[in-house]
Amino acid sequence: MGAGGTPQLRAPRGRTGAGGADHAPFYCAAFLFGVFYFGSQAPNSTFYAADPEATGYGFGLSALSISLVLLPGAVGSVIGSLGTAAVAKRIGYRPTLMVAFGLVALTFLQFALLHDEIWQMAAGSAFTGLGIGLALGAMPTVIVEASDPSRSGITAALYNNIKTVGGAVAGGVFASLLGAFLVESTGEPGEGGYEALWLVASAAALIALAATVFSRRREG
């Protein structure tokens, strides 16, 4: 009761609306998810297509060959998405999301360090796809479950929009990053540009992992 006997309304503890401060870590993770999910796809393809005799890196693959090398990543993504519920049943959706971001961070780091052989890239792509598939399956559930049930639709829409914005920003940032390593003699980005790009993607996944951990502490 308030002053003068006026009843006061109290907001329920726990879940909050779609745009509350408690959701900031989730939306930060969604933005960074879009950065490494959308932003790395085209650069990886151009790396595969690069002529090693002219650039000193890459494999000179045709479009069909690039598709085949990327296939393990697509398969891994499908497996991760289909297996999200089973993994989450054992450890929970938020821990599943943490595992996904950690796996993605490790595989992008592997790309930066080991990219001289096709099998290294294909194996890394498989695990990257697995992590992305797990994240695609777990993240919407984590965000919606943390929101007020009456605003779950708004929360899901914000998640998708923020993830897309992350991908759009990454496209420009990654293009500028590769351009900063442009080799005048070949007109192509240097190998260091791709290494820097993969390290940035790895860092984005690590920060997304930290944001997910932070959101857990705030809810607890």
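The coordinates are above.
Attention here is on the structure that accompanies the text. (Residues numbered from 1 in each chain as written. Predicted model: local features only at pLDDT ≥ 70, side-chain atom pairs only at ≥ 80, totals over all residues. Heavy atoms only, no water.)

## Describing the nonpolar core
As a reminder, the rule being used: What we call a nonpolar core is a set of buried Ala, Val, Leu, Ile, Met, Phe, Trp, Tyr and Cys residues that are connected through their side-chain atoms within 4.5 Å. Each residue gets one of three labels from its accessible area relative to the maximum for its type: buried under 20%, exposed over 50%, partly exposed in between, using a 1.4 Å probe on protein chains only. Helix and strand assignments come from DSSP, with helices taken as H or I runs of at least 4 residues and strands as E runs of at least 2, each series counted from the N terminus.
By size, the foremost hydrophobic cluster in this structure holds 48 residues, and its most contacted members are Phe33, Phe36, Phe101, Met139 and Trp198. Listed by contribution, the elements that provide at least two residues to this core are helix H1 (24-39), helix H2 (41-49), helix H4 (63-91), helix H5 (93-113), helix H6 (118-145), helix H7 (152-180) and helix H8 (191-219).

## Things to note about H2
Think of an α-helix as turning once every 3.6 residues; residues three or four places apart then point the same way. Our working definition: Note that the arc is defined by the directions from the helix axis to the C-beta atoms.
Looking at H2, one finds that the buried residues are Pro43, Asn44, Phe47 and Tyr48. For H2, the arc enclosing every buried residue in end-on projection is 140°, short of the 170-degree limit, so these residues lie on one face.

## Concerning a nonpolar patch on the surface
Selection criterion: Think of a patch as exposed residues, more than 30% relative accessible area, with no salt bridge, where like charges cluster within 9 Å and nonpolar side chains (Val, Leu, Ile, Met, Phe, Trp, Tyr) cluster within 5 Å. Exposure was quantified through the Shrake-Rupley algorithm and a 1.4 Å probe, taking into account, for residues, occlusion by the shown protein chains and nothing else. Salt bridges are identified by distance alone: a Lys or Arg side-chain nitrogen within 4 Å of an Asp or Glu carboxyl oxygen.
On the surface, Leu64, Leu68, Leu71, Val75 and Ile79 cluster together into a nonpolar patch covering about 500 Å² of accessible area. Considering the arrangement of structural elements, one finds Leu71 in helix H4. Leu71 sits in the partly exposed class, given a relative accessible area of 45%.

## A look at the environment of Ala123
The topology assignment puts Ala123 in helix H6. Sequence separation between Ala123 and Gly73 is 50 residues; the distance between their C-alpha atoms is 8.2 Å.

## Some words on the side chain of Thr212
Basically, it comes down to this: By definition, residues are in contact when any of their heavy atoms lie within 4.5 Å.
Locating Thr212 in the fold gives a position in helix H8. Here Thr212 is in contact with Ala29, Arg94, Leu97, Met98 and Phe101, once residues within four sequence places are set aside.

## Some words on the environment of Gly102
As for its placement among the helices and strands, Gly102 is situated in helix H5. When its relative accessible area of 18% is taken as the criterion, Gly102 is described as buried. For the pair Gly102 and Ser202, spaced 100 residues apart in sequence, the C-alpha separation works out to 9.0 Å.

## Observations regarding the packing of aromatic side chains
For the record, the criterion: Only Phe, Tyr and Trp rings are paired, with Trp represented by its six-membered ring, and only when their centres lie within 6.5 Å; those with planes under 30 degrees apart are stacked, over 60 edge-to-face, the remainder tilted.
All chains considered together, the criterion is met by 15 aromatic pairs. Seen in terms of ring centroids, Phe47 and Trp198 are 5.1 Å apart; in terms of plane orientation they differ by 70°. Their pairing is edge-to-face. With Phe47 in helix H2 and Trp198 in helix H8, the pair connects residues that are 151 residues apart, well separated along the chain. Of the two residues, Phe47 and Trp198, neither departs from the other in class, the shared state being buried.

## Side note on H4
Quick note on the threshold: What a helix is expected to span follows from its residue count: subtract one and scale by 1.5 Å. The angle separating two fitted axes, one through the seven residues that finish at a residue and one through the seven that start at it, defines the bend at that residue.
For H4, with 29 residues, the first-to-last C-alpha span of 40 Å sits near the 42 Å given by 1.5 Å per residue. Largest kink in H4: about 50°, centred on Gly83. For H4, the set of buried residues is Ile66, Val69, Gly73, Gly76, Ser77, Gly80, Gly83, Thr84 and Ala88. Tucked inside the fold, the buried residues of H4 contact H2, H5 and H6. The first or second residue beyond H4 is Gly92, which carries a positive phi of 100°.

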